[in-house]
Amino acid sequence: ASSNLLMNQLNMVDSQYYLPNDIGVSALDCGEAFRLLSPQEKMYAHYLSRAAWYGGLAVLLQTSPESANIFVLLQRIFRKQTPSQLAQVATAAGLSSEDYQAFLVYAAGLYANMGNYKSFGDTKFIPNLPKDKLEALVRASQAFQEQSAEMEALWDSCSCLLYSLEDRQKQLGLGDKGITTYFSGNCCLEDAELAQKFLDSKKLSAYNTRLFKRDDGGKACYEVRLASAVQKENQSNIYKHLQHSPTMLHLKMLEEYRRSFTLGSVEAHKEGSRYWIKDKGPIVESYIGFIESYRDPFGSRGEFEGFVAVVNKAMSERFAKLVSSAEVLLPELPWPREFEKDTFLKPDFTSLDVLTFAGSGIPAGINIPNYDDIRQSEGFKNVSLGNVLAVAYATQKEKLTFLEEDDKDLFIKWKGPSFEVQDDKGKFNFDQSKVINPETGEPVSSWYRGSETWDSKFSTIASTYEECRAECVGLYLCLNKQVLSIFGHEGQDAEDVVYVNWLSMVRAGLLGLEFYTPESKSWRQAHMQARFVILRVLLEAGEGLVGLEEVTGKDGMPDARITLDRSKIHTVGKNAIHRFLCKLQVFKSTADVDGGRALYDGYSTVSDSGAYNFLRLRETVLLRKEVRKMFVQANTRVSGDSVELVEYEGTVAGLISSFTERFQDDAEQLEADLLELSKRDAPCWC
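Residues numbered from 1 in each chain as written. Predicted model: local features only at pLDDT ≥ 70, side-chain atom pairs only at ≥ 80, totals over all residues. Heavy atoms only, no water.

Named according to an unreviewed UniProt entry, the chain is Dipeptidyl peptidase 3 originating from Lates calcarifer. As stated in UniProt under Catalytic activity (unreviewed entry), the record for the chain gives "Release of an N-terminal dipeptide from a peptide comprising four or more residues, with broad specificity. Also acts on dipeptidyl 2-naphthylamides." In UniProt, the chain has this text filed under Subcellular location (unreviewed entry): "Cytoplasm". (UniProt positions renumbered as here; feature names shortened; annotations may be inferred.)

1. Quick word on the overall build of the chain
Counting secondary structure elements, the chain contains 28 helices and 15 strands. Counting across all 686 residues of the chain, residues that qualify as buried make up 57%. Across the chain, contacts joining residues at least 24 apart in sequence account for 74% of those joining residues at least 6 apart. (Helix = DSSP H or I, 4+ residues; strand = E, 2+ residues; numbered from the N terminus. Buried < 20%, exposed > 50% of the residue type's maximum accessible area, 1.4 Å probe, protein only. Contact = heavy atoms within 4.5 Å.)

2. Overview of the confidence of the model for the chain
When pLDDT drops low, the exact placement of atoms in the prediction is not to be read closely. Residues of the chain with pLDDT of at least 70 account for 82%, and the chain-wide mean is 85. Note on residues 5-12: pLDDT under 50 across the span, and eight contacts to partners over four residues away in sequence or across chains. Throughout residues 231-239 the model reports pLDDT below 50, and contacts reaching past four residues in sequence, or to other chains, amount to 12 contacts. (pLDDT = per-residue confidence, 0-100.)

3. Things to note about the UniProt feature "binding site: Zn(2+)" (unreviewed entry) in the chain
Look at the UniProt record and you will see "binding site: Zn(2+)" (unreviewed entry) annotated at E467. For E467, the position within the fold is in helix α20 (residues 454-477). Using a relative accessible area of 10% as the deciding quantity, one classes E467 as buried. Among the polar contacts made by the side chain of E467, one reaches the side chain of Y294 at a distance of 2.7 Å. (Polar contact = N/O pair within 3.5 Å; in protein donor to acceptor, adjacent residues only side chain to side chain.)

4. With respect to the nonpolar core
Counting residues in hydrophobic clusters, the biggest one holds 110 residues, and the most contacted among them are F71, F78 and F103. If we ignore the near neighbours within four places in the chain, the residues touching F78 are P83, L86, F103, L104, A107, Y111, I656 and T660. The next biggest cluster of nonpolar side chains, apart from the first, holds 57 residues, and it includes C472, Y476, L484 and A541. (Core = buried A, V, L, I, M, F, W, Y, C linked by side-chain atoms within 4.5 Å.)

5. Some thoughts on the pattern of salt bridges
What the rule picks out here adds up to 35 salt bridges. For the salt bridge of R225 with D681, the shortest nitrogen-to-oxygen distance reads 2.9 Å. Highlighted residues: R225 in strand β3 (residues 219-226) and D681 in helix α28 (residues 667-681), separated in sequence by 456 residues. Via salt bridges that share partners, R76, R79, E150 and E671 belong to a single interconnected network. (Salt bridge = Lys/Arg side-chain N within 4 Å of Asp/Glu carboxyl O.)

6. Focus: the pairing of strand β11 (residues 546-552)
By the bridge criterion, seven bridges tie β11 to strand β12 (residues 558-564) in an arrangement that is antiparallel. In the sheet register, V551 faces β12, and the bridge partner there is D559. (Pairing = 2+ DSSP bridges.)

7. Some remarks on unusual backbone geometry
Note the cis peptide between I368 and P369, where omega equals 5°. Inspection of the secondary structure puts P369 in the loop between β7 (365-368) and α17 (372-377). We note that M114 has phi near 50°; this positive angle belongs to a residue other than glycine. Position of M114 among the secondary structure elements: in the loop between α7 (97-113) and α8 (131-140). The buried category is assigned to M114, whose relative accessible area is 3%. Positive phi outside glycine occurs at K521, with the angle close to 50°. Assignment of secondary structure puts K521 in the loop between β9 (516-517) and β10 (522-523).

8. Describing the side chain of S184
Tracing the backbone shows S184 in the loop between α10 (148-163) and α11 (189-201). With relative accessibility at 3%, the residue S184 sits in the buried group. A distance of 2.6 Å separates the side chain of S184 from the side chain of N186, its partner in a polar contact. Leave out the neighbours within four places in its chain, and S184 touches L211, F212, K213, C684 and W685.

9. Points about the packing of aromatic side chains
Enumeration over the complete set of coordinates arrives at 22 aromatic pairs. Ring geometry for F71 against Y111: centres 5.7 Å apart, planes inclined by 90°, an arrangement best described as edge-to-face. Taken together, the residues F71 in helix α5 (residues 67-80) and Y111 in helix α7 connect sequence positions 40 residues apart. Residue F71 is classed as buried on the basis of its relative accessible area of 1%. For Y111, a relative accessible area of 0% corresponds to the buried category. Considering the side-chain rings of F120 and F515, the 5.2 Å spacing of their centres and the 90° angle between planes classify their relative orientation as edge-to-face. (Phe/Tyr/Trp six-rings, centres within 6.5 Å; stacked < 30°, edge-to-face > 60°.)

10. Focus on empty space enclosed by the protein
Left-over empty space is what a probe sized like a water molecule reveals as it rolls over the atoms. Applying the stated criterion to the full structure yields eight cavities of 30 Å³ or more. There is about 70 Å³ of room inside the second largest cavity. Every residue along the wall of the second largest cavity is listed here: Y207, N208, A227, S260, F261, V266, H269, F290 and Y371. Contributions of two or more residues to the lining of the second largest cavity are made by α13 (248-263) and α14 (266-278). Looking at the lining of the second largest cavity residue by residue, the classes come out as six nonpolar, three polar and no charged. (1 Å grid on protein atoms, 1.4 Å probe; cavity = no way out; pocket = protein on both sides within 12 Å on 5 of 7 lines; lining within 4 Å. Points joined across faces, edges and corners; volume = space filled by probe spheres on them. Nonpolar A, V, L, I, M, F, W, Y, C, P; charged D, E, K, R; others polar.)

11. Describing α7
Think of an α-helix as 3.6 residues a turn; residues three or four steps apart then line up on the same face. For α7, which comprises 17 residues, the first-to-last C-alpha distance of 24 Å matches the rise-based estimate of 24 Å (1.5 Å per residue) to within 8%. Judged by how many residues are buried, α7 sits mostly within the fold: 13 of 17 residues are covered. After α7 finishes, the residue M114 shows a positive phi value of roughly 50°. (Expected span 1.5 Å × (residues − 1).)

12. Some words on the packing of helix α23 (residues 526-540) against helix α25 (residues 593-604)
Interhelical geometry of α23 versus α25 gives an angle of 85° and a closest axis separation of 8 Å. Our classification of the angle between α23 and α25 gives roughly perpendicular. The residues of α25 that touch α23, namely those facing Q529, A530, F532, V533, R536, V537 and E540, are Y600, G602, Y603 and S604. (Axes fitted to C-alpha atoms, helices over the stretch in contact; angles between N-to-C directions. Parallel < 35°, antiparallel > 145°, perpendicular 65-115°, else oblique.)

13. Details of a nonpolar patch on the surface
A cluster of nonpolar side chains, F198, L204 and V224, forms an exposed patch at the surface whose accessible area comes to about 250 Å². Locating L204 in the fold gives a position in the loop between α11 and β2 (209-216). According to the relative accessible area criterion, L204 is partly exposed, its value standing at 45%. (Patch = residues over 30% accessible without salt bridge, like charges linked within 9 Å, V, L, I, M, F, W, Y side chains within 5 Å. Areas by Shrake-Rupley, 256 points an atom, 1.4 Å probe, with all protein chains shown as cover.)

14. Considerations on the packing of α23 against helix α24 (residues 569-589)
Interaxial distance between α23 and α24 falls to 9 Å at its minimum, and their mutual angle equals 125°. It follows that α23 is oblique to α24 by the angle criterion. For the crossing formed where α23 meets α24, the hand is right-handed. Contacts between α23 and α24 pair V533, I534, V537 and L538 from the former with G573, A576, I577 and F580 from the latter. (Left-handed = near helix turned anticlockwise from the far one by under 90°.)

15. Digging into the side chain of K118
Here K118 shows up in the loop between α7 and α8. The side chain of K118 is buried and forms no salt bridge, while E514, the nearest opposite charge, is found at 4.8 Å. From its side chain, K118 meets the backbone oxygen of Q16 in a polar contact 2.8 Å long. Not counting residues up to four positions away in its chain, the partners in contact with K118 are Q16, Y18, L19, N113, T123, F125, R295 and K625. (Lys, Arg positive; Asp, Glu negative; His and termini not counted.)

16. Some thoughts on the environment of V498
Structurally, V498 is set in helix α22 (residues 491-511). Since its relative accessible area comes to 2%, V498 is described here as buried. Separated by 71 residues in sequence, V498 and I569 place their C-alpha atoms 8.6 Å apart. Contact partners of V498, with chain neighbours within four places excluded, come to C478, L479, L484, I569 and H570.

Right, dumping it as structure tokens:
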């Protein structure tokens, strides 16, 4: 009876907190690209991948208090029995095939997100089977039979939080807004602001830090913890792949990374990043460290990630053409010349096939490093991940929500090509002494002072504001025939690509509502907030450019329909993006936080008043949402003098096996270290 009661309670829970049994899973194909590498390049890629995977385990500790313990629980179960061997145990323990599939999906989800919160959207996900069924399976497993006391303790340490959906635990956030391990549980926004001011005053970066507050005799005492390695094993792993570095540039770069991770030095990582930028067009590309700040609720601490990828030569040639046309294209952008650097630093723009991407998720493209001072004076790299794009945008027609039937076929045909054209990031600087603010006609009255940076100044909106600016640059420049012809699109095809690019953006803006939390009036995903803002801008442009209406679907349930008048993209649409992009650029360039926030927060507002009931539309989006795919990545293995690529099938079982085999050499020591680190921090979350 208790099981039925729990099942009824689970059924009442919003489905956004589960991963469905039929979730899409695809293998990232890197076989051909890897086979074309030389033996030395393969060895280099192998050791870089090992460093990325081992470093990526830090994300468990950066996500939630329970993530590391759940990871170890799953690793111990699957190290003793493969998913197919465990299936018989599950049946004997009373699980239905649906229950067991739900368990496998949960395990795969935890591995793919490196924790029990979605990397895209930051909501918690829990197993879609009753807790007593999962416990029965854990107890019946071979791992439990062999080490019952340890497994019992492990289950007890995480079983409550594994299923808990108390309001604060439903999403990542700071203070009473959600869960975070970047801050101790007693920290709030004021603490984060105070710490940022202190760090700025000492010219220290928050990228590789966490903040812990404790009471010291009635006084608040703050501890800023740096990520630094103390275990010799991890250092020797990096030494190993230093030997296989193809060039002196790689050697210097890796030496700086090693110094950064050993000493917790952001300056060393910046130095390594400088060498990395100078390494133009390598066959094996990689980057590693505390990089993206999307998941820090305050927006200034980086999550660990490491990737290794191999060049896709054909697509890279197109991107190289785009970069060499940049001097001609930059004057097309809608802001005065003074708002750019005097000289344009050509970024390295490459299309890569991912071999390894360790962290909480895999993007379709990256624009790094994120250090503003390096970007402005020394440059950056644009990386498009071709094999991720190929899988991510393979869409079935019946799953294309909110579009007219005629638009669906065009969307499927041109979505991939349109993303390549869209992926165009505008990053520029300006000389404050000469500049008149084009919005006011007055000299600029604000700028970045001392050690202030874009991230530290714009903090909580920095990531999403910058994504919005980049998306707008892409929309604006894709209207340029020269950009389209670089990617081989002429005539009607070129017009179709523009149409699908803009249509894709307004649809993404509607889909973005899934990532808004009405209770806390907060956005959980930077890119999706940015796309919603762009939808609002284009709706506001009027003149019938974008149509959005609530309708009833064929199934009798609420639905929505979004349309775009292609004849008005080059006029009404272009003018709207021109005006908005100019404002974004000026507020950013002049460090005008108040103006930038007012503009951005205004367009980010989700309410039930006005011309569109966005709160009701959000319910429709949730009703019809498609869950993001999970990716299965290969492993590499040294065999004698050569390196083998070990590939897995694109299923949840394949994803689980890839992780079990990834850490098999020193699994017990690794798991003990993770549990020790998790235990050491445990008192800080209360």
